[in-house]
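# Structural characterization, general
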Amino acid sequence: MRAVVFAGGISLVIALLGTPLFIRFLTRHQYGQFIRHDGPATHLVKRGTPTMGGVVIILATVLGWLGANLLTGRTPYASSMLVVLLIVGLGFVGFLDDYIKIRQERSLGLKARYKILGQAVVGISFGVLALQFPNQYGDSPASTSISFLRDTALDLAYWGPAIGIILFIVWANFLITAWSNAVNLTDGLDGLATGSALIFFGAYTVIGLWQYNQWCGFTSSTSLCYEVRDPRDLAILAAAIAGACFGFLWWNASPAKIFMGDTGSLALGGAIAGITIMSRTELLGVIIGGLFVIIVASSVIQIGWFKLSGGKRVFKMAPLHHHFELLGWGEVTIVIRFWIIAGLAAAGGVGLFYAEWIAALPAGE
C-alpha cells in the first residue's frame, strides 16, 4: 500500500511543479497549438496555447513509478515494465505528430502511414513480449483468453499456440488503437480527457489492490483468486498515472495553460489498453472507461448516419462534447457533467467487479 501512495504522490508533485516549467519552455520556443477552422468558433482563442503536455504526464508517471519502487525497496515486475514501455513508445509517436503540427502550423502531423507504422511497431512489440516471462506459477503478463472480470473461456489459442499468438497481437493492437483514438477524441475541451483518465486510473488502482489481496499466490480458494501475474505492480503504475493526471489537471483545467496533445492522448490510450490487458479485464475497461466509449460512439454514429442519409447529421457536431457546445452549454459545465458520467461509469465497473467476487463466495461466508 505504501508503494501505491508513494507512486501517486510523487507523480502528482512532479506534474504539478514540472508543468509550469514546461509551459515556459514551450512558450519561449513558440510551440503552440494549431486550431482547426472547422471546429467551434470559441476554440479559436486557444490558438497558440502550449501543447505536448503529455511529455510531463509521461515523465511524472515513470518517475513516480520508479520512485515508489525505490523507496519501498522493491523491483518492478514484467507487467508494469511492459506497460511503461508501451506508454513511452506511443508517447514518442504522439510527440513526433505534435512536433510536426507545430512546425508546419497545420492540424495534420505525421503522415497517416507513418503514424500507423509507428503504432504498429510499438503495439506488436508489446503483444509479443506480453506473452513471455512466465512466473513460478506459469502466469505470463498477458493471456490469449479474452477477459471480462477475469479470463473467459474464449481463448484465442483454441486453434493452436501459434494462431493464438497471432490473434492476440491483433487483439492487443486493436485495443491499443481503439483506446488511443478514444482518448484523443475526448481531448477536445479543457481538462476533459485528463480528468476522465484520472478517474479511470483511480478505479484501476483499486482493482489492482483488490486483485493483489485475492491473488492466487496468496489464497487456496481457486474459485475466487485472480490469476494476474503482477497485480500490485499494476496498482502502483495506475496510481502513478492517476497522480500525473491530477497534477497536470491543475494547469489543463479551463482556461487551459497547456494541452496534452497527441503525446498525451496516445500514451494514456496505450496505458488504458496495457493495464486492462495485464489485469485480465479487457472488456470491463469498456464499462469503467464508459465516457470514452460514448464519445467514440458519437463520432461513429455521426459519420455512419451522414453517409447513409446522404448528408444528414444526428448531432450538431461530433464528438459529443462539441454538440453541447453548439447548443450553448458552457465549456466548464460540459466538462464537469462529463466527469460525473465518467465517475458513474467507473463506479459501476468497479461495483460489477466486486459483485462478481462476492457472488462466487461459498454459501455461509
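Positions within a chain are numbered from 1, following the residues in the order the chain's sequence is written. Where totals are concerned, whole chains, interfaces and linings use all residues; where local detail is concerned, this predicted model gives features only for residues with pLDDT of at least 70, and gives and counts side-chain atom pairs only at 80 or more. No hydrogens and no water enter the side-chain calculation; it runs on all heavy atoms of the structure.

## A word on the overall build of the protein chain
What counts, and what does not: Under the scheme used here, helices are H or I runs from DSSP no shorter than 4 residues and strands are E runs no shorter than 2 residues, and both carry numbers assigned from the N terminus. Throughout, exposure labels follow a simple rule: accessible area from a 1.4 Å probe, protein chains only, divided by the maximum for the residue type, with under 20% read as buried, over 50% as exposed, and the rest as partly exposed. Where accessible areas are quoted, they stem from the Shrake-Rupley method and a 1.4 Å probe; at the residue level, only the protein chains shown are allowed to cover. By the counting scheme adopted, Arg and Lys are positive, Glu and Asp are negative, and His together with the chain ends is not counted. Charge positions are represented by NZ for Lys, CZ for Arg, CG for Asp and CD for Glu.
Of the regular secondary structure elements, the protein chain holds 12 helices and two strands. Dimensions of the protein chain along its principal axes, counting C-alpha atoms only, are 60 × 50 × 40 Å. Counting only residues that meet the buried cut, the protein chain has 53% of its 365 residues in that class. Only carbon and sulfur atoms are counted for the fraction: they give 69% of the accessible area of the protein chain, which is about 16,400 Å². Positive and negative charge centroids in the protein chain, built from 23 and 18 side chains respectively, lie 11 Å apart.

## Thoughts on the packing of aromatic side chains
Filter applied, for reference: The criterion for an aromatic pair is that two Phe, Tyr or Trp rings (for Trp, the six-membered ring) have centres within 6.5 Å, with stacked assigned to planes under 30 degrees apart, edge-to-face to planes over 60 apart and tilted to the rest. Only when the NZ atom of a Lys or the CZ atom of an Arg is both within 6 Å of the ring centre and within 35 degrees of the ring normal do we say a charge sits over the ring.
A complete count under the given rule lists 15 aromatic pairs for this structure. Between the aromatic rings of Phe95 and Tyr99, the centroid separation amounts to 6.3 Å while the plane-to-plane angle is 20°, which identifies the pairing as stacked. With Phe95 and Tyr99 both in helix α3 (residues 78-104) and four residues apart, the pair spans about one turn of that helix. Owing to a relative accessible area of 29%, Phe95 belongs among the partly exposed residues under this scheme. For the pair Trp179 and Phe200, a centre-to-centre distance of 6.0 Å together with 55° between the ring planes defines the contact as tilted. Residue Trp179 is found in helix α5 (residues 161-186), and its partner Phe200 is found in helix α6 (residues 192-213); the two are separated by 21 residues along the sequence. On the basis of relative accessible area, Trp179 is assigned to the buried category, the value being 5%. Three or more aromatic residues joined by ring pairs form one cluster here, namely Trp179, Phe200, Phe201, Tyr204 and Phe292. Of note, Arg337 hangs over the ring of Trp329, and the distance from its end group to the ring centre comes to 4.8 Å.

## So, the pattern of salt bridges
Put simply, the rule reads: Only one rule defines a salt bridge in this text: a Lys or Arg side-chain nitrogen within 4 Å of an Asp or Glu carboxyl oxygen.
Evaluated as defined, the whole model comprises eight salt bridges. When the shortest N-O distance is used, the salt bridge between Lys115 and Asp262 registers 3.1 Å. Pair noted here: Lys115 is in helix α4 (residues 112-130) and Asp262 is in helix α8 (residues 261-278), with a separation of 147 residues, a long-range link. Judged by its relative accessible area of 6%, Asp262 falls in the buried class. The closest approach of N and O atoms between Glu356 and Arg150, which form a salt bridge, is 3.0 Å. With Glu356 in helix α12 (residues 331-359) and Arg150 in the loop between β1 (145-147) and β2 (151-155), this residue pair connects regions lying 206 residues apart in the sequence. Look at Glu356 and you get partly exposed, because its relative accessible area is 24%. Via salt bridges that share partners, Asp97, Lys101, Lys115 and Asp262 belong to a single interconnected network.

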